[in-house]
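Architecture at a glance
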Amino acid sequence: MRAVDLIRKKRDSGEHSREEIDFLVSGYTHGEIPDYQMAAWLMAVWIRGINRSELASLTEAMLCSGQVLNLARIPGRKVDKHSTGGVGDKTSLILAPIVAAGGLTVPMISGRGLGHTGGTLDKLESIPGFNVNLSLEEFFRVLHECGMGLIGQTAEIAPADKKIYALRDATSTVENIGLICASIMSKKLAEGIDALVLDVKTGSGAFMKREEDSVLLAELMVETGVRMGKKVVALITDMNQPLGRMAGHSNEIAECIDVLGGGGPADLVELSLELSAWMFFLGDRTKSLDDGRLLAEAMISTGQAREKFKHAISLQGGNEGIVDNPQLLPQARSHVDVPSPSAGFITATNCEQLGTALATLGGGREKKEDSIDHAVGLEFHKRIGDRVEKGEPLATIHYNSGAKLAEAQRLIAASYEIGEVASGERLPLIRRIIGA
Ligand code: URA
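Starting afresh in each chain, residues are numbered from 1 along the sequence in its written order. Where local features are concerned, this predicted model is filtered to residues with pLDDT of at least 70; where side-chain atom pairs are given and counted, the filter is 80 or more; whole-chain, interface and lining totals use all residues. Each side-chain value is worked out from all heavy atoms of the structure, with water and hydrogens disregarded.

Looking at the nonpolar core
Side chains that are nonpolar tend, in soluble globular proteins, to be buried together. Here, nonpolar core means buried Ala, Val, Leu, Ile, Met, Phe, Trp, Tyr and Cys residues that are tied together by side-chain atoms lying within 4.5 Å of each other. Relative accessibility decides the category of a residue: with a 1.4 Å probe and only protein chains considered, values under 20% of the type maximum give buried, values over 50% give exposed, and everything between is partly exposed. Grouped together as the largest cluster of nonpolar side chains are 140 residues, with contacts concentrated most on Leu 58, Ile 98, Ile 127, Leu 198, Ile 397 and Ile 412. Think of it this way: any DSSP run of H or I at least four residues long counts as a helix, any run of E at least two long counts as a strand, and we number them from the N terminus. Counting residues per element, this core draws most heavily on helix α12 (residues 266-282), at 9 residues. Only heavy atoms matter for contacts: two residues are in contact if any of them lie within 4.5 Å across the pair. When near neighbours in sequence (up to four residues on either side) are disregarded, Ile 98 contacts Leu 260, Ser 276, Phe 280, Ala 296, Met 299, Ile 300 and Ala 305.

Examining the site of the ligand
Proximity is defined per residue: if any heavy atom of the residue lies within 4 Å of a molecule or strand, that residue is considered near it. Near the ligand, the surroundings consist of His 82, Thr 84, Leu 114, Tyr 165, Arg 168, Ile 180, Ser 183, Ile 184 and Lys 187. Within 3.5 Å is the distance limit for a polar contact, defined as a pair of N or O atoms, with the added protein rule that one can donate a hydrogen and the other accept it, and that residues adjacent in sequence qualify only through two side-chain atoms. Contact between the ligand and Arg 168: an oxygen atom at 2.8 Å from a side-chain N or O atom of the residue. In the model, a nitrogen atom of the ligand is placed 2.7 Å from a nitrogen or oxygen of the Ser 183 side chain. Relative to its unbound accessible area of 240 Å², the ligand is 96% covered by the protein chains. At the level of secondary structure, the elements contributing two or more residues to the shell around the ligand comprise α8 (159-171) and α9 (177-189). A total of 4 residues in the shell around the ligand trace back to one element, the largest contributor, which is α9. Per-class residue counts for the shell around the ligand are 4 nonpolar, 3 polar and 2 charged. Residue burial considers only the protein chains on display, and all accessible areas are found by Shrake-Rupley using a 1.4 Å probe. All amino acids are sorted into three groups, where Ala, Val, Leu, Ile, Met, Phe, Trp, Tyr, Cys and Pro are nonpolar, Asp, Glu, Lys and Arg are charged, and the leftover types, Gly among them, are polar.

Quick notes on the sheet that holds strand β12 (residues 416-419)
Spatial ordering of the open sheet is given by β10-β8-β12, a layout of 3 strands whose pairing is antiparallel. Of all the strands in the sheet, the pair left with one neighbour each is β10 (387-388) and β12. Both strand β8 (residues 344-349) and β12 contribute to a ladder of 4 bridges, which runs antiparallel. Among the inter-strand pairings, Ile 346 is bridged to a residue of β12, identified as Ile 418. Two strands are counted as paired when DSSP detects at least two bridges linking them.

Laid out in structure tokens, this is it:
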């Protein structure tokens, strides 16, 4: 078999056999197929698509490129959640402590920021000392001791995805339903979990802008998980505006601490409770979703989730003092407001552009080698439907260097659509549930 023939086959809308996909994935993972051939194949897939049978082969080939964790020696059910990515999307750091405090095990293997979206690992690294690079042995020990662990993809787990994901980020081949499904499910199925809750974002800040595409992606991921013997559900949730009030790294950790302490913005609280409830329910911890919601609320009101977060931080080498004193997180030197150019109502936001503005300030990567400034961030003051006066702040920029400030200000100001009347109906945060 030759990679060049398989690229031509996909370019001409052909269908790959399982052997052909195994050849491509294994060859690329082992360095036998170069980046330029894999990039060409990914672009052919992006344009021509892959069918369900090719998708099953691709997911399994990526899963089998590494090891599947055996968590049998850790008692109880193991449940995880994965989001397709958005702006201000920080629920993982709220759910993991809630669900672990409620008695399930959460072995969370997360990623870094991709494109305009933030990544859980980058957020965790704003906590001084926090180590996301535990060995698998250390990960097992942390899971045993506190029921939750938060690490990055190790060399053992779906190495094909790690390599392909980085190549996709650099070749504009991220936003493809089949490739996203294979990427997420190969990693998540390698975690050795019993159940998985997927948060599939839809809207201007999501990779899938149209709800029908998000639904199709959700259906494919649920189907893939169920075929592999897991309990899986997907929530289609709104990403037409940032989730919560903060986007960045330190400031998102501080917002998670607010929610764990019983505060925080309504949309973030609502989604966190709903996702936790599904995790409790699929993990057989509660008999119903309503009971799951009550348990999640109790873990917050009794302070157990907050304590769990502290414990998890200290076990992974971080300074748990940040939970009582978020000022210990990296802080930006300066801040400036972005004023509204006119009076009226916010009718829409270009949420992807808000994510790009954050990246411009150093809060995201342009190239995978770039480092992140954990202190910079955006604070949003207005949501869709809100009234705004001319000159009133739409957002506050927390920044360290003035070099790209004007560019970020321009992007943010241009991201808000302001009309004379509030647009009719407000879309619900949770649009649909797939696979319930
Ligand atoms: N998140 C992933 O893990 N993979 C993708 O392809 C997109 C989002």
